[in-house]
Amino acid sequence: MNFVRKHVIFKGRVQGVGFRYYCLGIARRMKLTGWVRNLYNGDVEMEVQGDSKDIEMYLYKIKQGDGFIRVDEMEVTPAEVLEENKFIIR
């Protein structure tokens, strides 16, 4: 297992469409930890932690959206692994 944490900025139609709850639901089903929050400029910021392959799959699922969500761009950078036990909306 390759345990990592990623910081992600999502751009597109990601506010007002249930995006944070969409991210929360998938993260909890996949047993990932971290947080997600809206930014004032219309983007969404996230940190997600878990096995690197699980995070790849998670970000792939998020990018697919659900019909309302449209992710135009994802800026993914490494972050420091933290001790936490759940995924939350900030």
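Because the structure is predicted, anything quoted here is derived from the model rather than measured.

(A) Spotlight on the overall build of the protein chain. In terms of regular secondary structure, the protein chain is built from two helices and five strands. Secondary structure elements of the protein chain, listed N to C terminal, follow the sequence β-α-β-β-α-β-β. Scaling as 2.2 N^0.38, a compact globule of 90 residues should have a C-alpha radius of gyration of about 12 Å, and the protein chain matches this with 12 Å. Each of the three principal axes of the protein chain carries a C-alpha extent, and together these read 35 × 25 × 20 Å. The buried share of the protein chain, taken over its 90 residues, is 40%. Only carbon and sulfur atoms are counted for the fraction: they give 50% of the accessible area of the protein chain, which is about 5500 Å². Each charge class in the protein chain was averaged separately, 15 positive and 13 negative side chains, and the resulting centres sit 6 Å apart.

(B) Just the packing of aromatic side chains, in detail. Tallied over the entire structure, the rule returns two aromatic pairs. A ring pair is formed by Phe-10 and Phe-19, whose centres lie 5.0 Å apart and whose planes are at 70 degrees; its orientation type is edge-to-face. The class for Phe-10 is buried, based on a relative accessible area of 0%. Arranged with centres 6.4 Å apart and planes meeting at 65 degrees, the rings of Tyr-58 and Phe-87 form a pair that is edge-to-face. Here Tyr-58, found in helix H2 (residues 52-64), pairs with Phe-87, found in strand S5 (residues 87-89); they are 29 residues apart in sequence, far enough to count as distant. Accessibility assignment for this pair places Tyr-58 and Phe-87 in one class, buried. Above the plane of the ring of Trp-35 lies Arg-90, whose end atom (NZ or CZ) is 4.2 Å from the centre.

(C) Region of interest: the packing of helix H1 (residues 19-29) against H2. Viewed as axis vectors pointing N to C, H1 and H2 meet at an angle of 145 degrees, and their least axial separation amounts to 11 Å. Pair H1 / H2 crosses with right-handed handedness. Note on element contacts: H2 touches H1 through Tyr-58, Lys-61 and Ile-62, opposite Phe-19, Tyr-22, Cys-23, Ile-26 and Ala-27. Looking at the contact of H1 with H2 residue by residue, the class counts come to seven nonpolar, no polar and one charged.

(D) Highlighting H2. The end-to-end C-alpha distance of H2 is 19 Å, a good match for the 18 Å that 13 residues give at a rise of 1.5 Å each. All of the buried residues in H2 are Ile-55, Tyr-58, Leu-59 and Ile-62. What you see down the axis of H2 is that its buried residues fit within an arc of 95 degrees, all on one side. Turned more than 90 degrees away from the buried face of H2 sit Lys-53, Glu-56 and Tyr-60, all of them exposed. Check the buried side of H2 and you find it contacts strand S1 (3-13), H1, strand S3 (44-51), strand S4 (70-79) and S5. By the N-cap criterion, in which a side-chain oxygen at the helix start approaches the backbone nitrogen of a residue two or three places on, H2 is capped by Asp-51, the distance to Lys-53 being 3.1 Å. Residue Gly-65 follows H2 closely and has a positive phi angle near 70 degrees.

Reading the values: rules and limits
Residues numbered from 1 in each chain as written. Predicted model: local features only at pLDDT ≥ 70, side-chain atom pairs only at ≥ 80, totals over all residues. Heavy atoms only, no water. Helix = DSSP H or I, 4+ residues; strand = E, 2+ residues; numbered from the N terminus. Rg over C-alpha atoms; globule rule 2.2 N^0.38 Å. Buried < 20%, exposed > 50% of the residue type's maximum accessible area, 1.4 Å probe, protein only. Areas by Shrake-Rupley, 256 points an atom, 1.4 Å probe, with all protein chains shown as cover. Lys, Arg positive; Asp, Glu negative; His and termini not counted. Charge placed at Lys NZ, Arg CZ, Asp CG, Glu CD. Phe/Tyr/Trp six-rings, centres within 6.5 Å; stacked < 30°, edge-to-face > 60°. Lys NZ or Arg CZ within 6 Å of the ring centre and 35° of its normal. Axes fitted to C-alpha atoms, helices over the stretch in contact; angles between N-to-C directions. Left-handed = near helix turned anticlockwise from the far one by under 90°. Contact = heavy atoms within 4.5 Å. Nonpolar A, V, L, I, M, F, W, Y, C, P; charged D, E, K, R; others polar. Expected span 1.5 Å × (residues − 1). Arc of directions from axis to C-beta. Polar contact = N/O pair within 3.5 Å; in protein donor to acceptor, adjacent residues only side chain to side chain.

These results come straight from atomic positions and should not be treated as a statement about function.
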